[in-house]
Amino acid sequence: MIIIIITISLLLLCAAGYIIYWQRNKTTLYRKQAEIDKMRIEHLHLSMELEEKKQVLQTAMAEQNHKAEELQAEIDIISTRYQQLQQQRLESSIIGKELPPLLKKNKLEDHQNHFQ
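Quick look at the structure, then. Please read these numbers as outputs of a predicted model, since none were measured by experiment.

1. Observations regarding the overall build of the chain
Then, number 1: Across its full length, the chain carries two helices and zero strands.
Then, number 2: In the chain, buried positions account for 1% of the 116 residues.
Then, number 3: Of the roughly 11400 Å² that the chain leaves accessible, carbon and sulfur atoms contribute 65%.

2. A closer look at a nonpolar patch on the surface
Then, number 1: Taken together, the side chains of Y18, I19, Y21, W22 and L29 define a hydrophobic patch exposed on the protein surface, amounting to about 610 Å² of accessible area.
Then, number 2: Relative to the assigned elements, Y21 resides in helix α1 (residues 2-92).
Then, number 3: Residue classification places Y21 among the exposed positions, given a relative accessible area of 52%.

3. Quick notes on the pattern of salt bridges
Then, number 1: What the rule picks out here adds up to two salt bridges.
Then, number 2: In this structure, R40 and D37 form a salt bridge, with 3.9 Å as the shortest nitrogen-oxygen distance. Of this pair, R40 and D37 both sit in helix α1, three residues apart, which is roughly one turn of the helix.

Parameters and conventions
Position numbers for residues count from 1 along each chain, tracking the sequence in the order it is written. For a predicted model such as this one, the threshold for reporting local features is a pLDDT of at least 70, and the threshold for listing and counting side-chain atom pairs is 80 or more; totals across whole chains, interfaces and linings nevertheless cover every residue. Based on all heavy atoms of the structure, the side-chain values leave hydrogens and waters out of the count. Elements are defined by DSSP. Helices are runs of H or I of four residues or more, strands are runs of E of two residues or more, and each kind is numbered from the N terminus. Under the scheme applied here, a residue whose accessible area is under 20% of the maximum for its type counts as buried, over 50% as exposed, and between as partly exposed, the area being computed with a 1.4 Å probe on protein chains only. To measure how exposed things are, a 1.4 Å probe is used in the Shrake-Rupley method; for residues, cover is taken only from the protein chains shown. Only residues above 30% relative accessible area that lack a salt bridge enter a patch, with like-charged residues linked at up to 9 Å and the nonpolar side chains Val, Leu, Ile, Met, Phe, Trp and Tyr linked at up to 5 Å. Put simply, a salt bridge is a Lys or Arg side-chain nitrogen that is within 4 Å of an Asp or Glu carboxyl oxygen.

As structure tokens, then:
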């Protein structure tokens, strides 16, 4: 009879120990699952934010490239106009008017001196 009581007591102690152990592990598992869920949510938020930042960056780069192309076109137009004005200024100046005949004269003299 004592053996049965001791056996039943040991079984009850083992069952109680197992229940306490399971409760602690269950609490720990729930806490860890909650932490994992929180990290997943944070990961999703960060992924969405990253995608938004990538889109903003791509838009900004496209605008910057477009502006750079526009500025380059304006620079080309201004450079061409500047060269035209320089040429007109040279042609309309007194030196510009006298320079071509002098250059022709100088070329003829060089040519004649070369053959003598």
